[in-house]
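Letter by letter, the chains look like this.
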Amino acid sequence: MGLINKSYIGWDRFNKSIINSHQDLETYRASYDMGSLDFYDRYIRRESWLYNKRILDLGCFVGGKTQLFSESGAKEVVGIDLSKRGIKIAKKYENEKLKYYRTSSTELKKEYKGYFDTIISFTVFEHIQKELLPTVIDDCYELLSKNGICIIVYNFFYDKYGAHVEHCIYHPFPQFLLQKKHYLEYCDKRLEEFHKKGLYGYFPLGYSYCKNTHNEDCYMELNRLMSFKFKKLLRESKFKKIEDFQYSRSEFVKLLFNTFPKSRLFESSHFYILYK
Ligand SMILES: C[S@@+](CC[C@H](N)C(=O)[O-])C[C@H]1O[C@@H](n2cnc3c(N)ncnc32)[C@H](O)[C@@H]1O
């Protein structure tokens, strides 16, 4: 079956970066976390967003990318996450301009209201429970200074290039082949196989996309929201302008998606820019 054809290009990358890098979280931080440079360069490293700015990395986990933002000339960078394990590692890299806290956006708001010029949240919102999303979006608004911007990288759960299953899925459009239930079962099965071999440390043994609520203390359950529903929430927020684009599809598929925005068949991961 096409889905388990290991010669598909993703396998090589998986072998080199994920297996090796997941042996411990420090190595993960240095390689995989700080290694998504292609994406970083292409979409995020914009002077106007980073240089001399106060930046919040919402959901930073071990904080490798947070450090990259800091090294891109930011005035000050704060990374927050709910994960004790993640923040414990991140804190080792703190300096005058780079701080990490184990806290929520709602808590942070008490001290940092209107403080940040840029918020970056990289593959976090797809893990936030549906009921909490409006609050977290509102927190972002409140945490930003006047004219601040919030950048959200939202991995769509059905996307081969999103939702942390790149190495589990060998077909670019799993949604054409598998219904949601079977797709999630397939992901679970693959992750379990990797765990048995001791290969994939980010998700703990027994991790289930369908059932579990977190990855040890790291909140990784997928809310499995369709993009048009997530965008509706963004539109209902206080942000004055929202830009979005798909980042993991060909131009042709993007065109199909724009024509049929409610079809899961053409949906993929999104990049949102919210303007206060
Ligand atoms: C897939 S990881 C992404 C980590 C990091 N941004 C990266 O790019 O590698 C998602 C992270 O979001 C965190 N998270 C989930 N819900 C959160 C929330 N409400 N507030 C802060 N962090 C949250 C999780 O603990 C987890 O570390």
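For the structure, check the block above.
Rules used in this analysis
- Residues numbered from 1 in each chain as written.
- Predicted model: local features only at pLDDT ≥ 70, side-chain atom pairs only at ≥ 80, totals over all residues.
- Pairing = 2+ DSSP bridges.
- Helix = DSSP H or I, 4+ residues; strand = E, 2+ residues; numbered from the N terminus.
- Axes fitted to C-alpha atoms, helices over the stretch in contact; angles between N-to-C directions.
- Buried ≥ 20, exposed ≤ 12 C-beta atoms within 10 Å, placed from the backbone.
- Core = buried A, V, L, I, M, F, W, Y, C linked by C-beta atoms within 7 Å.
- Contact = placed C-beta atoms within 7 Å.
- Parallel < 35°, antiparallel > 145°, perpendicular 65-115°, else oblique.
- Left-handed = near helix turned anticlockwise from the far one by under 90°.
- Nonpolar A, V, L, I, M, F, W, Y, C, P; charged D, E, K, R; others polar.
- Right-handed = clockwise from strand over helix to strand, strands pointing away.

Engineer: Give me the sheet that holds strand β2 (residues 76-81): which residues, what numbers.
Structural biologist: Strands pair in a sheet through their backbones, by hydrogen bonds, and they do so in one of two ways: parallel or antiparallel. Strand order in the open sheet formed by 7 strands is β3-β2-β1-β4-β5-β7-β6, and the pairing between neighbours is mixed. Each end of this open sheet is capped by a strand with a single partner; those strands are β3 (98-102) and β6 (241-246). With strand direction ignored, the average angle separating the axes of adjacent strands in the sheet is 15 degrees.

Engineer: Quick rundown of unusual backbone geometry? Include the residues and the values.
Structural biologist: The phi dihedral of asparagine 147 falls on the positive side, at around 65 degrees, and the residue is not glycine. Note on placement: asparagine 147 falls in strand β5 (residues 144-154). When the 9 C-beta atoms within 10 Å are taken as the criterion, asparagine 147 is described as exposed.

Engineer: Could you give an account of the nonpolar core, with specific residues and numbers?
Structural biologist: Grouped together as the largest cluster of nonpolar side chains are 52 residues, with contacts concentrated most on Ile55, Ile119, Leu143 and Cys150. Ranked by residues supplied to this core, first place goes to β5 with 7 residues. Those residues in contact with isoleucine 55, other than ones at most four positions away along the chain, are Leu50, Phe69, Ala74, Val77, Phe116, Thr118 and Ile120.

Engineer: Would you mind going over the packing of helix α7 (residues 105-112) against helix α8 (residues 133-143) in detail, with residue names and values included?
Structural biologist: Relative orientation and spacing of two packed helices are given, respectively, by the angle between their axes and the distance between those axes. Remark: α7 packs on α8, axes separated minimally by 9 Å, with the N-to-C direction vectors making an angle of 20 degrees. Taken as axis vectors, α7 and α8 run roughly parallel relative to one another. With respect to the hand of their crossing, α7 and α8 are arranged in left-handed fashion. Contact residues: Ser105, Thr106, Leu108, Lys109 and Tyr112 in α7; Thr135, Val136, Asp139, Cys140, Glu142 and Leu143 in α8. In terms of residue class, the contact of α7 with α8 is built from 5 nonpolar, 3 polar and 3 charged.

Engineer: So what about the pairing of β2? Which residues, and what values?
Structural biologist: Taken across its 6 residues, β2 has 5 buried, putting it largely inside the fold. As defined by bridge partners, strand β1 (residues 54-58) adjoins β2 across 5 bridges and the pair is classed as parallel. Within β2, the position partnered with arginine 54 by the bridge is glutamate 76. Handedness of the crossover joining β1 and β2 through helix α5 (residues 64-71): right-handed. Bridge count between β2 and β3: 5 bridges; the pairing is parallel. Directly across from valine 77, in β3, lies its bridge partner leucine 98.

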